[in-house]
Amino acid sequence: MEEDRARRHRRRMQRKKAVVDAAMARATGDRGVLLVLTGNGKGKSSSAFGMVARALGHGLRAGVAQFIKGRQDTGEEAFFRRQPGVRWEVLGEGFTWETQDLPRDSRTARRGWAVARELLRDPGLALVVLDELTYPLRLGWLSLDTVLADIAARPRHQHVVITGRGAPDALIAAADTVSRVEDVKHAFRAGIRAQPGVDR
Ligand code: ATP
Ligand code: MG
């Protein structure tokens, strides 16, 4: 009985290994991929910065452009700014949800995009993170066509990670890898404020 189960398990695992091996044998391509991390759950930006750590671990260089509303002291910014292989740009300063001044905010966003475009044109950067890019896109501050064209024109081996809630369909269509992080629970709703090392 026990032996039967062990034999069946072994056969199942052998079949599974054959399927995995065949898939791995097919996946031999190398090129830069476009990743989109979206959804309402926690874990998008921290996953993107995890990839920055991976890239650095392999001796590669990375660029980060943060499209955030204001200055927030985050652990990853403090850490990665100390790394020689990282170029870190905060491009959101000046965006305001309050003024609803579209010409001004579009101007700020376009100036920010010009810096992001420099990262996308730098062949020395193996990885470019465009953190919270979905916000200026959703608010109409940046043109999705421009953004997609600049991403398409990047060096062939450069990877790009875009984070933010509500990624537009055209961005999802253009991406190679897309994860939608689901919000199942968040401690904030139980009254726990942002914790250093976890939330910022
Ligand atoms: P992280 O930077 O932790 O990976 P994120 O990039 O997925 O989070 P954002 O929408 O950029 O999420 O929000 C960043 C901040 O908001 C973090 O402090 C995070 O813990 C918090 N946060 C993320 N998702 C939620 C949520 N569903 N409810 C409450 N707070 C959230
Ligand atoms: Mg984020």
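Let me sum up the structure you'll find in this document. (Residues numbered from 1 in each chain as written. Chains lettered and ligands numbered in written order. Predicted model: local features only at pLDDT ≥ 70, side-chain atom pairs only at ≥ 80, totals over all residues. Heavy atoms only, no water.)

1. Examining the coordination of the magnesium ion (ligand 2)
- The magnesium ion (ligand 2) binds to the protein through Ser-45 (OG) and Glu-132 (OE); the donor distances cover 2.0 to 2.1 Å. Note that Ser-45 is positioned in helix 2 (residues 44–57) and Glu-132 in the loop between strand 4 (127–131) and helix 5 (134–138), a separation of 87 residues in sequence. (Donors = N, O, S within 2.8 Å, 3.2 Å for Na, K, Ca; no water. Helix = DSSP H or I, 4+ residues; strand = E, 2+ residues; numbered from the N terminus.)

2. Observations regarding the packing of aromatic side chains
- Going through the model one piece at a time under the given rule, you end up with four aromatic pairs.
- Considering the side-chain rings of Phe-49 and Trp-88, the 5.3 Å spacing of their centres and the 35 degrees angle between planes classify their relative orientation as tilted. Highlighted residues: Phe-49 in helix 2 and Trp-88 in strand 3 (residues 86–90), separated in sequence by 39 residues.
- Judged by its relative accessible area of 3%, Phe-49 falls in the buried class.
- The exposure class assigned to Trp-88 is buried, which follows from its relative accessible area of 6%.
- Among the aromatic side chains, those forming a connected cluster through ring pairs are Phe-49, Phe-79, Phe-80 and Trp-88. (Phe/Tyr/Trp six-rings, centres within 6.5 Å; stacked < 30°, edge-to-face > 60°. Buried < 20%, exposed > 50% of the residue type's maximum accessible area, 1.4 Å probe, protein only.)

3. Digging into the packing of helix 4 (residues 102–120) against helix 6 (residues 144–152)
- Following both chains from N to C, one finds helix 4 and helix 6 inclined at 20 degrees, their axes separated by 9 Å at the closest point. Taken together, the axes of helix 4 and helix 6 are roughly parallel relative to one another. As for the relative orientation of helix 4 and helix 6, their crossing is right-handed in sense. Listed contacts from helix 6 to Trp-113, Arg-117 and Leu-120 of helix 4 are Thr-146, Val-147, Asp-150 and Ile-151.
- Counted by class, the contact of helix 4 with helix 6 contains four nonpolar, one polar and two charged residues. (Axes fitted to C-alpha atoms, helices over the stretch in contact; angles between N-to-C directions. Parallel < 35°, antiparallel > 145°, perpendicular 65-115°, else oblique. Left-handed = near helix turned anticlockwise from the far one by under 90°. Contact = heavy atoms within 4.5 Å. Nonpolar A, V, L, I, M, F, W, Y, C, P; charged D, E, K, R; others polar.)

4. A look at the pairing of strand 2 (residues 62–66)
- Burial analysis of strand 2 places five of its five residues in the buried class, the great majority of the element.
- Burial along strand 2 is two-sided: Ala-62, Val-64 and Gln-66 facing one way and Gly-63 and Ala-65 facing the other are all buried.
- One ladder, built from five bridges, connects strand 2 with strand 3; its direction is parallel. Residue pairing across strands places Gln-66 opposite Val-90, the latter belonging to strand 3.
- Here five bridges tie strand 2 to strand 4, and the two strands are oriented parallel to one another. Each residue of the ladder has a partner; that of Ala-65, found in strand 4, is Leu-130. (Pairing = 2+ DSSP bridges.)

5. Side note on helix 2
- Its 14 residues give helix 2 an end-to-end C-alpha distance of 20 Å, which sits within 8% of 20 Å, the value for a rise of 1.5 Å per residue.
- Residues Lys-44, Ser-45, Ala-48, Phe-49, Met-51, Val-52 and Ala-55 constitute the buried set of helix 2. Buried residues of helix 2, viewed axially, fall in a sector of 145 degrees; they line one side. Exposed side of helix 2, more than 90 degrees from the buried face: Arg-54 and Gly-57 are the residues found there.
- Residues of helix 2 that are buried in the fold lie against strand 1 (34–38), strand 2, helix 3 (75–80), strand 3, strand 4 and strand 5 (159–163).
- Looking one or two places after helix 2, you find Gly-59, whose phi comes out positive at around 80 degrees. (Expected span 1.5 Å × (residues − 1). Arc of directions from axis to C-beta.)

6. Digging into the sheet that holds strand 1
- Read from one edge to the other, the open sheet built from six strands follows the order 3-2-4-5-1-6, with strand pairing classed as parallel. Strands with a single pairing partner mark the edges of an open sheet, and in this sheet they are strand 3 and strand 6 (177–180). In this sheet, adjacent strand axes meet at a mean angle of 10 degrees when their direction is disregarded.
- For strand 4 and strand 5, the ladder comprises four bridges, and the chain directions are parallel. By the bridge assignment, Val-128 is partnered in strand 5 with Val-160.

7. Describing the site of ligand 1
- The local shell around ligand 1 holds 14 residues, among which Lys-42, Gly-43, Lys-44, Ser-46 and Asp-199 are the closest.
- Within the backbone of Asn-40, an N or O atom sits 2.9 Å from a nitrogen atom of ligand 1.
- Taken together, the residues that form the shell around ligand 1 break down as one nonpolar, six polar and seven charged. (Near = heavy atom within 4 Å. Polar contact = N/O pair within 3.5 Å; in protein donor to acceptor, adjacent residues only side chain to side chain.)

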